[in-house]
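# Structure at a glance
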Amino acid sequence: MISFFAHPELMVELEKNAVVPRHVAIIMDGNGRWAEEQKRPRIFGHRAGVDSVREIVETSRTLGIEFLTLYAFSTENWNRPTGEVSGLMGLLKNYLQSELRTMLKNDVRLCCFGEQERLPADVQTVLQQTIAETRMCRSMTLNLALSYGARSELVQAVQSLAQKCRDGILEWQDITEETISDHLFSAGQPDPDLLIRTGGENRLSNFLLWQSSYTELYFTEVKWPDFKKNQFLEAINIFNCRQRRFGRTSAQTKAV
Ligand code: FPP
């Protein structure tokens, strides 16, 4: 489940023998407050947040993290002022357009978790192009959670399973944890090992509720625009101090 870290260049900053999580998920919070602290408009914070996205994607790829899931826009974020929503959509489109070449060079596959059909048409087009062009990339998967909500994801999965039962494709007794996982946006991907939330709040905010049952949670006061490589490595060092027992005793875990 955990892959060994094998990049000497960055080793100095990770604890000796540190292992890197296979899948990291991040709630990128604090952009608005970061901007307000500087008496700038909120979009200024989101723009600075894109620089952190670039640095964390690049660091993840260098470390050998296989899956990185970023919560970029929730189903609830549609309730924000129209100007902020359109500003965020513009940043997203620019990011996708400017990063395609780097994604291909670094062998990064883009996937989307969420209601793509609710995004503006121009963003959908660029998103679908980027997903299609990077579909053969294998070194890392970058999941952008866009118009994503975990409860809505579960409702869709349940509806789809109910339809299959009605159509005789599936027996209700055959519904297992695996079949449910297979009907989520994250189908085929491992659950996150580490979930980071920046910006000082200690909650999951409707993010990956099913997938994070046994995920290690890391909350930091650092606001997303200030969350860079060093803060990321610190989170991974702290992850390395955790003992993941998955319901077993400490003695059993050590024996494995
Ligand atoms: C939460 O901070 C952040 C968001 C709702 C948007 C995150 C978007 C980005 C980092 C930039 C665009 C993303 C990509 C992938 C290019 P907040 O605004 O709720 O901050 P606050 O809690 O301080 O108000």
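In case you missed it, the structure is sitting above this.
Heads up: these notes are all about the structure in this document. Predicted model only: the values in this text are computed from it and were never measured.

Criteria and cut-off values
Residues numbered from 1 in each chain as written. Predicted model: local features only at pLDDT ≥ 70, side-chain atom pairs only at ≥ 80, totals over all residues. Heavy atoms only, no water. Helix = DSSP H or I, 4+ residues; strand = E, 2+ residues; numbered from the N terminus. Rg over C-alpha atoms; globule rule 2.2 N^0.38 Å. Buried < 20%, exposed > 50% of the residue type's maximum accessible area, 1.4 Å probe, protein only. Areas by Shrake-Rupley, 256 points an atom, 1.4 Å probe, with all protein chains shown as cover. Lys, Arg positive; Asp, Glu negative; His and termini not counted. Charge placed at Lys NZ, Arg CZ, Asp CG, Glu CD. Pairing = 2+ DSSP bridges. Axes fitted to C-alpha atoms, helices over the stretch in contact; angles between N-to-C directions. Contact = heavy atoms within 4.5 Å. Near = heavy atom within 4 Å. Polar contact = N/O pair within 3.5 Å; in protein donor to acceptor, adjacent residues only side chain to side chain. Expected span 1.5 Å × (residues − 1). Phe/Tyr/Trp six-rings, centres within 6.5 Å; stacked < 30°, edge-to-face > 60°.

### Re the overall build of the chain
Per the secondary structure count, the chain includes nine helices and eight strands. A compact globule built from 256 residues should have a C-alpha radius of gyration of about 18 Å, and the chain, at 19 Å, falls within 12% of that. Expressed along its principal axes, the backbone C-alpha trace of the chain runs to roughly 55 × 45 × 35 Å. When the 256 residues of the chain are sorted by exposure, 46% land in the buried category. With an accessible surface of roughly 13400 Å², the chain has 50% of that area assigned to carbon and sulfur atoms. Computed over 30 positive and 32 negative side-chain charges, the inter-centroid distance for the chain is 3 Å.

### Remarks on the environment of Gly188
Structurally, Gly188 is set in the loop between α7 (177-182) and β7 (194-197). Given a relative accessible area of 76%, Gly188 falls into the exposed group. Sequence-wise, Gly188 and Trp224 are 36 residues apart; in three dimensions their C-alpha atoms are separated by 28 Å.

### Looking at the sheet that holds β7
Strand order across the open sheet formed by six strands is β5-β6-β4-β3-β7-β8, with parallel pairing between neighbours. Each edge of the open sheet is held by one strand with a lone partner, namely β5 (108-113) and β8 (216-219). Ignoring which end each strand starts from, the neighbouring axes of this sheet average 20 degrees apart. On top of the sheet, helix α4 (residues 82-105) reaches β4 (67-74), β5 and β6 (140-148); it is set at about 165 degrees to β6, its chief contact.

### Re the site of the ligand
If you check the shell around the ligand, you find 16 residues, and the closest are Met28, Asp29, Arg33, Arg42 and Arg80. One nitrogen or oxygen atom from the main chain of Gly32 is found 3.1 Å from an oxygen atom belonging to the ligand. The side chain of Arg80 places a nitrogen or oxygen atom 2.7 Å from an oxygen atom of the ligand. Protein burial of the ligand: of its 630 Å² of free accessible surface, 92% is covered by the chains. Taken together, the elements giving at least two residues each to the shell around the ligand come down to α2 (31-37), α3 (42-63) and α4.

### Overview of the pairing of strand β3 (residues 23-27)
Burial runs high along β3: five of the five residues are buried. Here β3 shows two buried faces, one formed by His23, Ala25 and Ile27 and the other by Val24 and Ile26. Pairing between β3 and β4: five bridges, direction parallel. Looking at the pairing, His23 lines up with Phe67 of β4. As paired elements, β3 and β7 share four bridges and run parallel to each other.

### Some points on helix α5 (residues 121-133)
Turn by turn, an α-helix covers 3.6 residues, leaving residues three or four places apart pointing in a common direction. Here α5 is 13 residues long and its end C-alpha atoms lie 18 Å apart, about the 18 Å a rise of 1.5 Å per residue gives. Buried residues of α5: Val123, Gln124, Val126, Leu127 and Thr130, and no others. The inward-facing, buried residues of α5 abut α4, β5 and β6.

### Quick look at the packing of aromatic side chains
Applying the stated criterion to the full structure yields ten aromatic pairs. When the ring of Trp34 is compared with that of Phe44, the centres are 5.8 Å apart and the planes differ by 20 degrees; the resulting orientation is stacked. Here Trp34 is found in helix α2, whereas its partner Phe44 is found in helix α3, with ten residues between them in sequence. Taking the relative accessible area as the measure of exposure, Phe44 reaches 23% and is therefore partly exposed. Measuring from centroid to centroid gives 4.3 Å for Tyr71 and Phe207, while their planes differ by 10 degrees, and the two rings are stacked. With a gap of 136 residues between them, Tyr71 in strand β4 and Phe207 in the loop between β7 and β8 connect regions that are remote in the sequence. Within the aromatic cluster, the residues linked to one another by ring pairs are Tyr71, Phe113, Tyr148, Phe185 and Phe207.

### Examining the environment of Ile65
Position of Ile65 relative to the elements: it lies in the loop between α3 and β4. Exposure remark for Ile65: the relative accessible area of 1% places this residue in the buried category. With 15 residues separating them along the chain, Ile65 and Arg80 place their C-alpha atoms 32 Å apart. Setting aside anything within four residues of it in sequence, one finds Ile65 in contact with Val20, Pro21, Arg22, Val24, Ser60, Ser139, Met140, Phe232 and Ile236.

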